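# Report on the structure
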Amino acid sequence: MTTAAVSRRGVQTLMASRSQVCRRSMRAVPRQISCRQFSLSSKRLAKEGSKKSKVSPEDKAKLWDEYKQSFHFTPASPPDSLRVGGTVTVHGFLGKRRDISAKAAFVDVVHPGQSRPVQVRSAWEVEGSPEHELHLQLKAANSYSPVAVTGLVEEAPGEGTLEEKGNALLRLGSIQVLNAFPRDIIVSKGVQFPATARHLQMRFSEALQRRLAFRSDVASWSRKQLTSAGFREFETPVLFKSTPEGAREFIVPTRRRGFAYALPQSPQQFKQILMASGVAGGYFQFARCFRDEDLRADRQPEFTQLDLEMSFATGEDVMQAVERYTKELFAYLGETYRLAKNTAGDDNKTIPIPIEALSKGKGTLSTRPYATISDEPFQRMVYDEAMAKYGSDKPDLRIPGEIHRVDHILPSSFTSMITSLEDPVVDAWRLRLDGSPSESRKFVQRLFDSLPPAIGKNPDGMPAVMIYDSSKPLCGLAPLGHEAFGELTDADEHPELANLSDFEDGDVLLLQARKREPFFSGGSTALGLLRLEAYRAAIEEELLPYDDTFRFLWVVGFPMFTPTEADAADPGQGGHAGFSATHHPFTAPLTEQDFELLTTDPLRAKADHYDLVVNGVELGGGSRRIHVAAVQEAVMRDILKMDDAGVAQFGHLLEALRAGCPPHAGFALGFDRLVAVLSGTGSVRDVIAFPKSMKGEDQSVKSPGRLTPAQLETYHLALRSAKTSQGDDTKK
Ligand code: ASP
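Residues numbered from 1 in each chain as written. Predicted model: local features only at pLDDT ≥ 70, side-chain atom pairs only at ≥ 80, totals over all residues. Heavy atoms only, no water.

Under an unreviewed UniProt entry, the name given to the protein is Aspartate--tRNA ligase msd1, and the source organism is Sporothrix stenoceras. Of the protein, the UniProt comment under Sequence similarities (unreviewed entry) reads exactly: "Belongs to the class-II aminoacyl-tRNA synthetase family. Type 1 subfamily." (UniProt positions renumbered as here; feature names shortened; annotations may be inferred.)

Structure below.
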């Protein structure tokens, strides 16, 4: 599926962050503050700001005076000058002061660009002495303020060199507060700020800081690795034009009446033109992509892809290049990072910590090594098999047991109890929890109490559940009836069910009916979804061990086209064929036979399209492209049945292909998702500095903004009345 499908079909649920922050409170424990309270306070700030413009000349002079004091600040000494006996200046944010007595205190100064804080010591003996004055200055400085501190480097307690001890120790010589941190923002451990205060969340969440630093590191490592593998980095326009590539676009109106740009859903067409242009054998880009999709958990309207393309290459070449990149990335991470549990968080997520930072001061933190991945080629699975055996186009290979079809052994009396479908397919999956039947029963009860609507309100019927219990008639599987029970457990007669029916007490058997039709729409079947839910719940309840391995696989052999659904979220190519391209309309058929099928039975044609999946997450997708203009045009015009205007939108690409474009293929990694998975969080919001909300809003900067009458005028736009406007959300 396209990388859009990463977010379209992502089944990860987000752990909603709890919002805790103290303002104007002297209490040490965090208390809840709503986003509304916070934004009210920023409104108040704005108001106060406007009042301040009427300040008296004296106040103004004072303000400028204060500003001047921080405008010129002592430059920081080079890091290698931190030697015992030297006098140095360090910059950073002031930590919380630790008063040892009335006459001595320690405080950390943390520079965002350095992995370890500098410890500053202040002590005095004689009242009124310069040391006493300094101590008072330190006490007056608000924690978290940016400061420049000058002092004498002292011998830090403990054994070893400064490097080994981690923290340098400074005897306070002077302190310059560069912009006092306001006292009304109270920060405590694990504090969660509302989305309107993303700057504070980034400032005070070590986990977020570490993940953002990790993201930057993975990006710069990737740049180096790809460049040395012969790829060249290109930038492609963000102001593009509307083309029916598949997803719904964002439009950017221009001052030219009736003209608009569209933001690219991916740089797909540009990277193909680059291949035709012969400027590089391999292209890559950290590309911003924009898709106006319905938002769900873990879906962002703008996101980053690590986008690749290779000329004179097949899909196989690209898959191998991506596999090499991934394995080398893991090798690098294994050597450079460890994963720590996020002790300040309210979840099970991990934080990647550079090994180098651990050896400097964080030695006591409990961490685990970064998971390694095997050198073996990544497993490959065809799409139909993934859907049939795992109920998903992005199977999580850590989940034990496959799905088996059982409708051939079931009596119609049973089938009609679980579905009203005529002639359905019935799938079954067995979950082994290694507990007693009664423990399994309780687990199932809890699971079924909170089923997502796609399972609990499935029009094809609810799942049937049975617990294997040898003390019960037909071992607890009596609803199947004698005959079906006999068949199910007869491995000689049904060897295809042997892995399902080697039951043990406490095993949970889940059955689900579905329509007898090809798997076209991707995503998950209801049983696939239930399998995932059950696995996650069992891990959460510690009934199954948490598996921290990374199980990569390629899903290949996707259908080239997908029938258009009436309620489809994506507009597709707007053709009249009744189907649209599964990946995008530039994808090549898989084999010669599939090429033949394009004209005879296009819905049976498979594409040379591959998705990279790890642990149930689609990391990215790509395909071999149609590199011959006439074939590309025929697919658009004759197969997808796009009209002249639609095809004409791709004129630039067809021209480029026509000019002797070499065979080429490519791939795009969802970079946000990759970093999220690698840093041990299921949420891309944890690895994006300024994520958007479920409504597609950035609450910190309050975007999108309402258009003003002047803007409407400038861009020749007029708003329709709210009544006639479909999907209007201007009232929000
Ligand atoms: N442009 C595709 C996407 O965004 C990726 C590719 O085919 O290279 O999913």
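Along the protein, the regular secondary structure elements total 23 helices and 27 strands. Out of the 732 residues in the protein, the part that is buried amounts to 49%. Pairs at least 24 apart in sequence give 69% of the contacts found in the protein among residues at least 6 apart. (Helix = DSSP H or I, 4+ residues; strand = E, 2+ residues; numbered from the N terminus. Buried < 20%, exposed > 50% of the residue type's maximum accessible area, 1.4 Å probe, protein only. Contact = heavy atoms within 4.5 Å.)

The next subject is the sheet that holds strand E21 (residues 508–514). Here four strands make up an open sheet; going across it, the order is E18-E19-E21-E20 and the pairing antiparallel. Edge positions in the open sheet fall to strand E18 (404–405) and strand E20 (464–467), since each of these has one partner strand only. Strands in contact with helix H13 (residues 437–449) are strand E19 (425–431), E20 and E21; relative to E20, the strand with the most contacts, it is inclined by about 160 degrees. (Pairing = 2+ DSSP bridges. Axes fitted to C-alpha atoms, helices over the stretch in contact; angles between N-to-C directions.)

Now for the packing of aromatic side chains. Counted according to the given criterion, the structure contains 23 aromatic pairs. Here the aromatic rings of tyrosine 144 and phenylalanine 181 are separated by 5.4 Å at their centres, their planes lie at 75 degrees, and the arrangement is edge-to-face. Linking tyrosine 144 in the loop between helix H4 (130–140) and strand E6 (146–154) with phenylalanine 181 in the loop between strand E7 (168–177) and strand E8 (185–186), this pair joins segments that are 37 residues apart in sequence. Each of the two residues, tyrosine 144 as well as phenylalanine 181, counts as buried. Between tryptophan 554 and phenylalanine 667, the ring centres sit 5.7 Å apart and the planes meet at 75 degrees, which makes this aromatic pair edge-to-face. Of the two residues, tryptophan 554 sits in strand E22 (residues 552–556) while phenylalanine 667 sits in strand E27 (residues 664–670), which places them 113 residues apart along the sequence. Looking at tryptophan 554, the relative accessible area reads 0%, which means it is buried. (Phe/Tyr/Trp six-rings, centres within 6.5 Å; stacked < 30°, edge-to-face > 60°.)

Together, Trp64, Tyr67 and Phe71 line one region of the surface with nonpolar side chains, adding up to about 370 Å² of accessible area. Its place among the elements puts tyrosine 67 in helix H3 (residues 57–71). According to the relative accessible area criterion, tyrosine 67 is partly exposed, its value standing at 43%. (Patch = residues over 30% accessible without salt bridge, like charges linked within 9 Å, V, L, I, M, F, W, Y side chains within 5 Å. Areas by Shrake-Rupley, 256 points an atom, 1.4 Å probe, with all protein chains shown as cover. Salt bridge = Lys/Arg side-chain N within 4 Å of Asp/Glu carboxyl O.)

This part takes up the pattern of salt bridges. Using the criterion set out here, one finds 37 salt bridges in the structure. In this structure, arginine 441 and aspartate 469 form a salt bridge, with 3.2 Å as the shortest nitrogen-oxygen distance. Separated by 28 residues along the polypeptide, arginine 441 in helix H13 and aspartate 469 in the loop between E20 and helix H15 (482–488) bring together distant segments of the chain. A salt bridge links arginine 446 to glutamate 541; the nearest nitrogen and oxygen atoms lie 2.5 Å apart.

Mapping aspartate 611 onto the fold places it in strand E25 (residues 609–614). A polar contact is formed between the side chain of aspartate 611 and the side chain of histidine 609, at a distance of 3.2 Å. (Polar contact = N/O pair within 3.5 Å; in protein donor to acceptor, adjacent residues only side chain to side chain.)

A word on the sheet that holds strand E14 (residues 337–341). The sheet built from three strands is open, its strands ordered E15-E14-E16 with antiparallel pairing. Looking at the sheet topology across the chains shown, the edges are occupied by strand E15 (350–354) and strand E16 (367–369). Across the sheet, the mean angle from the axis of one strand to that of its neighbour is 40 degrees, orientation sign disregarded. Direction of pairing for E14 relative to E16: antiparallel, over a ladder of three bridges. Along E16, the bridge assignment pairs leucine 339 with arginine 368. Strands in contact with helix H7 (residues 206–228) are E14 and E15; relative to E15, the strand with the most contacts, it is inclined by about 60 degrees.

What follows is about the confidence of the model for the protein. Of all residues in the protein, 88% have pLDDT values of 70 or greater, and the mean over the chain is 88. Contacts for the low-pLDDT stretch residues 1–40, under 50 throughout, to residues beyond four places or in other chains number 118 contacts. (pLDDT = per-residue confidence, 0-100.)

The end-to-end C-alpha distance of helix H17 (residues 526–540) is 21 Å, a good match for the 21 Å that 15 residues give at a rise of 1.5 Å each. Counting buried residues along H17, 12 of its 15 residues qualify, which places the element largely inside the surrounding structure. Among all positions in H17, only Ala526, Leu527, Gly528, Leu529, Leu530, Arg531, Leu532, Ala534, Tyr535, Ala537, Ala538 and Ile539 are buried. (Expected span 1.5 Å × (residues − 1).)

Moving on, we come to unusual backbone geometry. With omega at 0 degrees, the peptide bond leading from serine 703 into proline 704 counts as cis. Along the chain, proline 704 turns up in the loop between helix H22 (671–678) and helix H23 (709–714). Even without being glycine, lysine 641 reaches a positive phi, approximately 55 degrees. With respect to the secondary-structure elements, lysine 641 resides in the loop between helix H19 (629–639) and helix H20 (644–648).

Tyr383, Ala386, Met387 and Tyr390 are the residues of helix H11 (residues 383–390) that are buried. In a view along the axis of H11, the buried residues occupy a sector of 110 degrees, so they form one face of it. Of the surrounding secondary structure, the elements contacted by the buried residues of H11 are strand E17 (379–382), H17 and E22. Backbone geometry just downstream of H11 places glycine 391 in the positive-phi region, at approximately 65 degrees. (Arc of directions from axis to C-beta.)

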